[in-house]
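# Examination of the molecular architecture
Read off the chains here:
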Amino acid sequence: MPFFAQAQFHCGPASLAMAAQAAGVDVTPDAVADGVFLPAREGSLQVEMLAAARRQGLLAVPLPRRLGALLAELDAGHAVVVLQNLALPIAPRWHYAVAVGYDLAAGEIVLRSGDQPRQRMTLSTFEHTWARGGHWAFVALPPPALPVTADEADAVQAALGFARVAAPADAARAWAGVRARWPDQLVAAIGHGNALFAAGDADAAAQVLAHAAQRHDSAAAWNNLARVHLQRGDRDAALAAARRALAAAEREPAWRDAAARTLRRAEQAP
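Residues numbered from 1 in each chain as written. Predicted model: local features only at pLDDT ≥ 70, side-chain atom pairs only at ≥ 80, totals over all residues. Heavy atoms only, no water.

Examined against the element boundaries, A60 turns out to sit in strand β1 (residues 59-62). Accessibility expressed as a relative area gives 0% for A60, which makes it buried. Along the chain, A60 and A155 lie 95 residues apart, while their C-alpha atoms are 8.7 Å from each other. (Helix = DSSP H or I, 4+ residues; strand = E, 2+ residues; numbered from the N terminus. Buried < 20%, exposed > 50% of the residue type's maximum accessible area, 1.4 Å probe, protein only.)

Below you can see the structure in the form of structure tokens.
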């Protein structure tokens, strides 16, 4: 993992580039600066950091806001981008750094920070500065990999954000990673099926959506399954799925109109 000394106010681009390099993406701070650095704020916001990582093909997932999660990611060999406030809450000096190691015997954490490739900071000092940054941190990995400590909700939100900018095949890999850890996750299953369909694998999409629809009796899953069957030219299967979608929409009224439209399409199909 190379070290990039930050330019003034560019701790965000430098930290993101180092984390991306650790994940196998060859990128420099200058290459990501335009998408991360906000001149008016003389820095980078968390949402831009996550979005920029996703544009580099990485699944960026915020970590649980506790020191144990951060240390567990380091144990797993993952670089962790952290947000610190190096001043006071009333006059903050925000700073991104990359945690790369720790030494419990010495009570220290090792950071790539500013112009220091191996800044050794006491864990107590780090905890204070990190707490003033809201204990915010993230790990960015190539899909289908996930941080070892990622929780379900954050992983799903990360995959949703990734799918908005990624190629369908890459989005499918991200969703597959989420489903591997949480096999019954409905949003992940629907996202996986949709991404497979967009990538041109209608058969695999139908299999994933059928499993989710049957497992959860979800109007969204039934509706999307019907649309996949229509694309595959299987009118009977499309009709059956569309009818199930309309029935399930009695419990999920937000899907009633969509399910009705899909059923009409299936009925009119040759």
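A word on helix α3 (residues 46-55). For α3, the set of buried residues is M49, L50, A52, A53 and R54. Just downstream of α3 lies G57, where phi reads positive at about 85 degrees.

If you look at the biggest cluster of nonpolar residues, it comprises 49 residues, and the most contacted ones within it are L59, L146, V178, W222 and L225. Secondary structure elements with two or more residues in this core: β1, α6 (152-165), α7 (168-181), α8 (186-198), α9 (202-216), α10 (219-232), α11 (235-248) and α12 (256-268). No other element matches the 9 residues that α9 contributes to this core. L59 has contacts with V139, A140, L141, P143, A145, L146, A158, A159, F162 and A174, leaving out every residue within four places of it along the chain. Counting 27 residues, the second-largest nonpolar core is a separate cluster that includes F4, A52, A60 and V98. (Core = buried A, V, L, I, M, F, W, Y, C linked by side-chain atoms within 4.5 Å. Contact = heavy atoms within 4.5 Å.)

So, about the pairing of strand β2 (residues 80-85). In terms of residue burial, β2 counts as a mostly covered element, since 6 of its 6 residues are buried. The two faces of β2 match: V80, V82 and Q84 on one face and V81, L83 and N85 on the other face are all buried. For β2 and strand β3 (residues 94-103), the ladder comprises 6 bridges, and the chain directions are antiparallel. Bridged to V81 within β3 is V98. As paired elements, β2 and strand β6 (residues 137-141) share 2 bridges and run antiparallel to each other. Each residue of the ladder has a partner; that of V81, found in β6, is F138. (Pairing = 2+ DSSP bridges.)

Let us now look at unusual backbone geometry. Here P143 and P144 are connected by a cis peptide whose omega angle stands at 15 degrees. Inspection of the secondary structure assignment puts P144 in the loop between β6 and α6. Phi at H135 takes a positive value of approximately 55 degrees, unusual for a residue other than glycine. Inspection of the secondary structure assignment puts H135 in the loop between α5 (123-131) and β6. Unlike most non-glycine residues, D217 shows phi in positive territory, near 45 degrees. One can find D217 in the loop between α9 and α10. Take D217: its relative accessible area is 25%, and that puts it in the partly exposed class.

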